[in-house]
Amino acid sequence: MKRLLLLLITLIFLLLSSCKNEERKSFSILSYNMYLFFDDEETGNEYYPFVSSAGYGEQEYKKRIRLYQDFFLSDIGEADVYALQEIESEKVLKDLMSGRMARKGYKYYAISNINSPISVAFISRIPIKDVKVHSDLGPRPIIEIVLYINNEEVRIFNIHAKSQIDGGYEERFSSFSHLSRLLSSSSSLSIAAGDFNEDPRIGPSFVDAATGLDAPLLVTGDRGLVSNAVFFAPSLSEAADMSTYYYEGSWYMYDNIIFNSAAFDGFSLEYESAYIVYPPSALNDDGTPKIFSIDTQSGYSDHLALKCIFTYN
């Protein structure tokens, strides 16, 4: 079974072995659920309305590509690594990275796909040295990339947990159990980004350790409480007032970037800040996320993005 799963995994990444490690003063990562980003090649796995019968075709697809490129190349949207969710295919990544993005150095990518029309993926302007898809660790694959920044190893995981619309509690419990073990398995800076489909302020499987509740994935906003089994979540810090997803009249912090204690050890990369980012045109008049409309060819996602910055002291 495991061999079969490995055959079903699609791993795409570019490696330029001749590139020298660039001396860097900071590192940034942006996590974004891109809302059913289907390409313009219909295979039968697409979700409505991103099908030709609803008016979704080459023109609409290319407009989405341009909108996201504009955001990713803006001052607020620019990052060294993008952790993306709900990406259909390699084609979407290649088209996003074409033209202006390529000229800005975005040459590396990785995507995982196991019988799913939407996947988790990375785009990076830092060479990706290794890619792993942890497909046998729960109901949904967790993709991992390894970078070397100033010769220091950085591991980044990308997760899209099961939605709460159909419950999904057992699936999220399993995914978060495995993610916690992955984050704890190395002393190097280890980061997890993605759509957790749970707010750590609420839980129940992804929980603020200060609540005293037992959960498979424990996080904290207090740097002093970070340990091998409790990870830092900027959304829980005292200065944070964050929410990225709006549903039935309430805001939730479903999109998160969490990391281990290596971000506070006084060596190499150290956590500096995190904040929600989005283009001005990504909001409705009432301030809620504006999803892409085929009719108007405007809008982005039902989520907002989260950006996190690490610097050298």
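The following refers to the structure shown. (Residues numbered from 1 in each chain as written. Predicted model: local features only at pLDDT ≥ 70, side-chain atom pairs only at ≥ 80, totals over all residues. Heavy atoms only, no water.)

## Structural notes on the nonpolar core
Part 1 of the argument: Membership of the largest hydrophobic core comes to 36 residues, with the highest contact counts inside it found for L30, Y32, M34, F72, Y82, L84 and I87.
Part 2 of the argument: Mapped onto this core, the elements with two or more residues apiece are β1 (26-37), α2 (58-72), β2 (81-87), α3 (90-96), β3 (108-112) and β4 (119-124).
Part 3 of the argument: Ignoring sequence-local partners within four residues, the contact set of Y32 consists of Y68, F71, F72, A83, L84, Q85, Y300, S301, H303, L304 and A305.
Part 4 of the argument: In this structure, I29, L147, I156 and F259 belong to the second largest nonpolar core, which totals 35 residues. (Core = buried A, V, L, I, M, F, W, Y, C linked by side-chain atoms within 4.5 Å. Buried < 20%, exposed > 50% of the residue type's maximum accessible area, 1.4 Å probe, protein only. Helix = DSSP H or I, 4+ residues; strand = E, 2+ residues; numbered from the N terminus. Contact = heavy atoms within 4.5 Å.)

## Describing the pattern of salt bridges
Part 1 of the argument: According to the stated counting rule, one finds eleven salt bridges in the structure shown.
Part 2 of the argument: Among the ionic pairs, K62 bridges to E58, the shortest N-O distance being 2.7 Å. A residue pair is termed a helical-turn pair when its members lie 3 or 4 positions apart in one helix, as K62 and E58 do in helix α2 at four residues.
Part 3 of the argument: Under the relative-accessibility criterion, K62 is labelled partly exposed at 40%.
Part 4 of the argument: Residue R172 pairs with E198 through a salt bridge whose shortest N-O separation is 2.9 Å. Remark: E198 occurs in the loop between β8 (189-195) and β9 (206-208) and R172 occurs in helix α5 (residues 169-184); sequence separation between them is 26 residues. By the burial criterion, R172 is buried, and E198 matches it.
Part 5 of the argument: Via salt bridges that share partners, R24, E78, D80 and R125 belong to a single interconnected network. (Salt bridge = Lys/Arg side-chain N within 4 Å of Asp/Glu carboxyl O.)

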